[in-house]
Amino acid sequence: MGEGDDESGFIHLEFAELPAEEMLSRAHSFYEHMDNRRTTRHFSERDVPRELIELAIKTASTAPSGAHLQPWTFVAISNPELKARIREAAESEEKTFYEERIPEAWEEVLSPLGTDHVKDHITDAPWIVVVFRQSQRQRPSGEMAPTYYSQESCGIASGLFIAAIHNMGLTTLTHTPSPMGFLREILGRPDHEHAMLLMPVGYPADDAKVPDLNRKSLDEVSEIFE
Ligand code: IYR
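Residues numbered from 1 in each chain as written. Predicted model: local features only at pLDDT ≥ 70, side-chain atom pairs only at ≥ 80, totals over all residues. Heavy atoms only, no water.

### Some details on the pairing of strand β2 (residues 127-134)
Burial of β2 is extensive: eight of the eight residues sit out of reach of the surface. Covered by surrounding structure in β2 are Trp 127, Val 129, Val 131 and Arg 133 together with Ile 128, Val 130, Phe 132 and Gln 134, the residues of both alternating faces. Both strand β1 (residues 72-77) and β2 contribute to a ladder of six bridges, which runs antiparallel. When the bridges of β2 are listed, Thr 73 appears paired with Phe 132. Pairing between β2 and strand β6 (residues 193-202): eight bridges, direction antiparallel. Opposite Gln 134, over in β6, you have Glu 193 as the bridge partner. (Buried < 20%, exposed > 50% of the residue type's maximum accessible area, 1.4 Å probe, protein only. Helix = DSSP H or I, 4+ residues; strand = E, 2+ residues; numbered from the N terminus. Pairing = 2+ DSSP bridges.)

Below is the structure:
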C-alpha cells in the first residue's frame, strides 16, 4: 500500500525503528530474562492482586490468531472452594493416569521430573488460570461456525501469558490434568470450548524446588541457512 491509500478496514502501521545497538541489547536482555524463567510446582499462598492476572490475560490476548478470531477463553479462579473442587477432580484423574494409564515410554521421561498425582499447587497458588480453546465460534445470530488454527493460536497466547507472568515477577506452571473434561463441567463452559492448560499463578514457595536441568543449545534446536 502506498501513501494516500485508503483501503477500508486498514490503518497505518505505527512502527518505531530502533537503533541497531539498542536492538541487540534488548535482544540480549530479553533472552537473559526469559532464560531465568523456571517452572516450579511449589507455590506460596501469598495473595496476588487481580489486576496483575487481568494484565497477563490482556497480554496473552495480544497473540496473533487464525483469522483474528482469538479463539481462547482464560478463566481465572481465586475462589478457594472452586480451587478445592478442581484440585479434587484433577487428582482423581491423575491418580488413574499415574497408577494405570501412563505408558512406559512416558514414565521414562516423566519420572526424573518427580511429578505425581498430588496437586498442591492448585490450592496453594492464589490464582489458577485455565485456558479454554474454542474449536468453534458463535455468530451474533447464535449460529455456530468454525475457528481456524485454534491449537496454534492458543499455544501462542499461552506462551505470551507465561512470559507476562514471568515479566511481572511471578511464576506459573503449565499443568495438564488428563483428561481435562471435568474443567468444562466445573467452570460451566460451553461444549465448543476445550480446556487446554491449567496454570497456577503466584509467588514461589520459600522452599520451592525445580529440577536441575539444562536447556538445549542453539545448535540443538535450530538449523540456519544463510
Ligand atoms: N498431566 C500429568 C503428567 C505430566 C505430563 C507431562 I508431558 C509433564 O511434563 C508433567 C506432568 C501431570 O500434570 O502431573
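### Thoughts on the nonpolar core
Counting 22 residues, the largest nonpolar core has Ile 53, Phe 74, Phe 161 and Val 201 as the members making the most contacts within it. Top element by residues in this core is helix α6 (residues 150-167). It accounts for six residues. Of all hydrophobic cores here, the second largest spans 15 residues; its members include Val 75, Ile 128, Phe 132 and Ile 186. (Core = buried A, V, L, I, M, F, W, Y, C linked by side-chain atoms within 4.5 Å.)

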